[in-house]
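Here is what each chain is made of, one letter per residue.
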Amino acid sequence: MKDRESVAALDRDDPLAPLREQFTLPEGVIYLDGNSLGVAPSAAASRAAQVINDEWAVGLVRSWNTAGWHALPGRLGNKLATLIGAKPNEVVVTDTISSNLFKVLSAALKLIEKRDPSRRVIVSERSNFPSDLYIAQGLIALLDHGYTLRLVDTPEELHAAIGHDTAIAMITHVNYRTGYMHDMAALTRHIHHVGALAVWDLAHSTGAVPVDLTSVDADFAVGCTYKYLNAGPGAPGFVWVAKRHQLHVHQPLSGWWGHEAPFAMNPTFRPAHGIGRFLCGTQPIVSLALVECGLDVFLQTDMQTLRRKSLAMSDLFIELVESRCKEFPLELVTPRDHAQRGSQVSFDHPHGYEVMQALIARGVIGDYREPRILRFGFTPLYLRFVDVWDAVETLRDVLATEAWRAPEYAERSAVT
Ligand SMILES: Cc1ncc(COP(=O)(O)O)c(C=O)c1O
């Protein structure tokens, strides 16, 4: 039988515990939403001040060269590469997942069209993050070449849905709502076996679970930095293209930052000789610079150590919720199998929205996703095992006292 003391002992043995000091965490808050917006690294404020007060205010336009602004997307891409098993010069940090996905899907469709023009299907999951589906729908409408989007309802159906008519399988590795994690290696093998290309969305994987794009032999990937990488609200995402494809692909947002010689000011677009061709326009330097503060904390550990603690935390959370809140209608949505679990745990509750608002009012911040899902993210860099204990005790209190029935918790905010 666990109690708070036995859980606190886990923190004393935690090799990652000292890293918590490298983040700014508000008093009285247990933050279980790093899978939506990561917390602020302590270094971020001074780095922002440096970019604004020195590099911008004093360096002015010279800073594109002297402060290395121009090289930032590739330099940060190389740092991030180690977290996703990418090689040097395969990643750039830039733009949003949605816009990077547009570039990548366009490039992949062109590539496959050259090999086998009969392939006209993009396969994905109905439960994929909606923006991914919207981008695919937008591109299909734009191209008007008879492409269709085939959506499956369960992960088990994916295999059969990806066949000889498939151009691209566009898959989110860890599902944003359920936390279900696909077997990236097995799916990529199957996708290649039928002659299609694999496009992975790593939004809930990067910095959350070990990923090795090189060993699984994936083709394209996109992801963000504002969740587990703690880069800040709206910080740029990233795009990865396997080296073998880079010189053979073209993306349609061919802005000057993707040109081989932007300052030649040539009227004709010629793509850069590598991953740089996936850049488009001028980068948001203040926001981009802060990506490094989050990445630098990751470089002090490794994904295997993080994964061990992440699973220990999510196991503990599931065990405590199921033992200490067993009289309440909470149903686990996230797989119990470690091989199928990302770094979040979701529970279904008939009044999920209200329960989450009551939790947030008590300082336990998770979030809510339609329909009825209470979502809790586990971020081993800064969370303690006692936080898991305290969060479950708060949940138990909210449910036992029915505090969630207060009318203010039913009011819907724009962002849930
Ligand atoms: C799995 C997934 N894909 C795509 C997106 C959209 O990302 P962006 O807003 O950077 O385009 C999100 C956002 O949370 C996401 O979770």
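Only a predicted model underlies this, so the values are computations on that prediction, with no experimental measurement involved.

Peer 1: Mind laying out the overall build of the chain, listing which residues take part and the relevant values?
Peer 2: When helices and strands are counted, the chain shows 14 helices and 15 strands. The C-alpha radius of gyration computed for the chain amounts to 22 Å, which stays within 12% of the reference 22 Å derived for 416 residues, consistent with globular compactness. Oriented by its inertia axes, the alpha-carbon framework of the chain measures out at about 65 × 55 × 40 Å. Per-residue burial over the chain gives 56% buried out of 416 residues. Once local pairs closer than 6 in sequence are excluded, the contacts in the chain between residues at least 24 apart make up 73%. Summed over all atoms, the accessible surface of the chain reaches about 17,400 Å², with 57% contributed by carbon and sulfur. Measuring between centres, the 39 positive side-chain charges of the chain sit 5 Å from its 47 negative side-chain charges.

Peer 1: Let's hear about a nonpolar patch on the surface: which residues, and what values?
Peer 2: Together, I52, W56, L60, V61 and V286 make up an exposed nonpolar region whose accessible area comes to about 470 Å². Tracing the chain through its elements places V286 in helix α11 (residues 285-298). Judged by its relative accessible area of 34%, V286 falls in the partly exposed class.

Peer 1: Account for the pairing of strand β9 (residues 220-223), naming residues and giving values.
Peer 2: Of the two faces of β9, the one carrying F220 and V222 and the one carrying A221 and G223 are both buried. Alignment of strand β8 (residues 197-201) against β9, held across three bridges, turns out to be parallel. When the bridges of β9 are listed, D201 appears paired with V222. In this sheet, strand β10 (residues 238-241) lies alongside β9 in antiparallel orientation, the contact comprising four bridges. Bridge pairing links F220 to V241 in β10.

Peer 1: With reference to specific residues and values, describe the packing of helix α13 (residues 352-361) against helix α14 (residues 385-400).
Peer 2: Packing of α13 against α14 leaves a shortest axis separation of 10 Å and a crossing angle of 125 degrees. Here α13 lies oblique to α14, going by the angle between them. Pair α13 / α14 crosses with right-handed handedness. Facing α13, whose interface residues are V355, A358 and L359, α14 presents T394, L395, V398 and L399. Here the residues of the contact of α13 with α14 sort into six nonpolar, one polar and no charged.

Peer 1: Which residues make up helix α8 (residues 184-193), and what values do they have?
Peer 2: Every buried residue of α8 is listed here: M184, L187, T188, H190 and I191. Summarising the axial view, the buried residues of α8 lie within an arc of 160 degrees, below the 170-degree limit, and thus occupy one face. The exposed set on the far side of α8, more than 90 degrees from its buried face, consists of R189 and H193. Buried-residue contacts for α8 involve α7 (158-161), β7 (166-172), β8 and α9 (213-216). The N-capping residue of α8, defined by a side-chain oxygen 3.2 Å from the backbone nitrogen of A185, is D183. Looking one or two residues past α8, G195 carries a phi angle of roughly 90 degrees, positive in sign.

Peer 1: How would you explain the packing of aromatic side chains if you had to name every residue and give the values?
Peer 2: One pass over the structure, following the stated rule, counts nine aromatic pairs. Both rings, one in W64 and one in W257, keep their centres 5.7 Å apart while their planes meet at 65 degrees; by these two values the pair is edge-to-face. Note that W64 is positioned in helix α3 (residues 63-66) and W257 in the loop between α10 (243-246) and α11, a separation of 193 residues in sequence. Assessed through its relative accessible area of 25%, W64 is described here as partly exposed. Accessibility expressed as a relative area gives 9% for W257, which makes it buried. Where F317 meets F376, the ring centres are 4.8 Å apart and the plane angle is 55 degrees; that geometry is what we call tilted.

Peer 1: Please provide a residue-by-residue account of the pattern of salt bridges, values included.
Peer 2: Applying the stated criterion across every chain yields a total of 28 salt bridges. Close ionic contact of K309 with D14 constitutes a salt bridge, the shortest N to O distance being 2.5 Å. Separated by 295 residues along the polypeptide, K309 in helix α12 (residues 303-324) and D14 in the loop between α1 (4-12) and β1 (23-24) bring together distant segments of the chain. For the pair K309 and D14, a shared accessibility class is recorded, and that class is buried. The shortest N-O distance in the salt bridge between R20 and D387 comes to 3.7 Å. Within this pair, whereas R20 is found in the loop between α1 and β1, its partner D387 is found in helix α14, the two being separated by 367 residues in sequence. Judged by relative accessible area, D387 falls into the buried class, the value being 4%. Through salt bridges with shared partners, a single network forms among R75, K79, E292 and D296.

What counts and what doesn't
- Throughout, a residue's number is its position along its own chain's written sequence, starting from 1.
- Whole-chain, interface and lining totals are the exception, using all residues; otherwise, since this is a predicted model, local features are given only for residues with pLDDT of at least 70 and side-chain atom pairs are given and counted only at 80 or more.
- Working from all heavy atoms in the structure, the side-chain values ignore hydrogens and water.
- Strands here are runs of E lasting at least two residues and helices are runs of H or I lasting at least four, both read from the DSSP assignment and numbered beginning at the N terminus.
- In this treatment the radius of gyration is a C-alpha quantity, and the globule benchmark scales as 2.2 Å times the residue count to the 0.38 power.
- Relative accessibility under 20% of the residue-type maximum defines a buried residue, over 50% an exposed one, and the middle range a partly exposed one, all with a 1.4 Å probe and only protein chains included.
- Contacts are residue-level and defined by heavy atoms, with any inter-residue pair within 4.5 Å sufficient.
- Using a 1.4 Å probe, accessible areas were evaluated by the Shrake-Rupley method; residue-level cover was limited to the displayed protein chains.
- His residues and chain termini do not enter the charge count, which takes Lys and Arg as positive and Asp and Glu as negative.
- The location of each charge is read from NZ of Lys, CZ of Arg, CG of Asp or CD of Glu.
- A patch consists of residues exposed above 30% relative accessible area that lack any salt bridge, with like charges linked at up to 9 Å and nonpolar side chains (Val, Leu, Ile, Met, Phe, Trp, Tyr) linked at up to 5 Å.
- The salt bridge criterion pairs a side-chain nitrogen of Lys or Arg with a carboxyl oxygen of Asp or Glu, the two atoms within 4 Å.
- Criterion used throughout: strands pair if DSSP finds at least two bridges between them.
- Fitting a line to C-alpha atoms yields each axis, with helices limited to the stretch in contact; the angle taken between N-to-C directions then spans 0 to 180 degrees.
- Oblique is the label for every angle not falling under 35 degrees (roughly parallel), over 145 degrees (roughly antiparallel), or within 65 to 115 degrees (roughly perpendicular).
- Should the near helix be turned anticlockwise from the far one by less than a right angle, the crossing is termed left-handed; should it be turned clockwise, right-handed.
- All residues other than Ala, Val, Leu, Ile, Met, Phe, Trp, Tyr, Cys, Pro, Asp, Glu, Lys and Arg, Gly among them, are scored as polar; the first ten of these are nonpolar and the last four charged.
- Regarding the arc, it is the one traced by the directions from the helix axis to the C-beta atoms.
- Think of a polar contact as two N or O atoms within 3.5 Å of one another; within protein, one of them needs to be a possible hydrogen donor and the other a possible acceptor, and neighboring residues in sequence only count if both atoms come from side chains.
- Pairing of aromatic rings covers Phe, Tyr and the six-membered ring of Trp, with a centre-to-centre limit of 6.5 Å; geometry is then stacked below 30 degrees between planes, edge-to-face above 60, and tilted otherwise.

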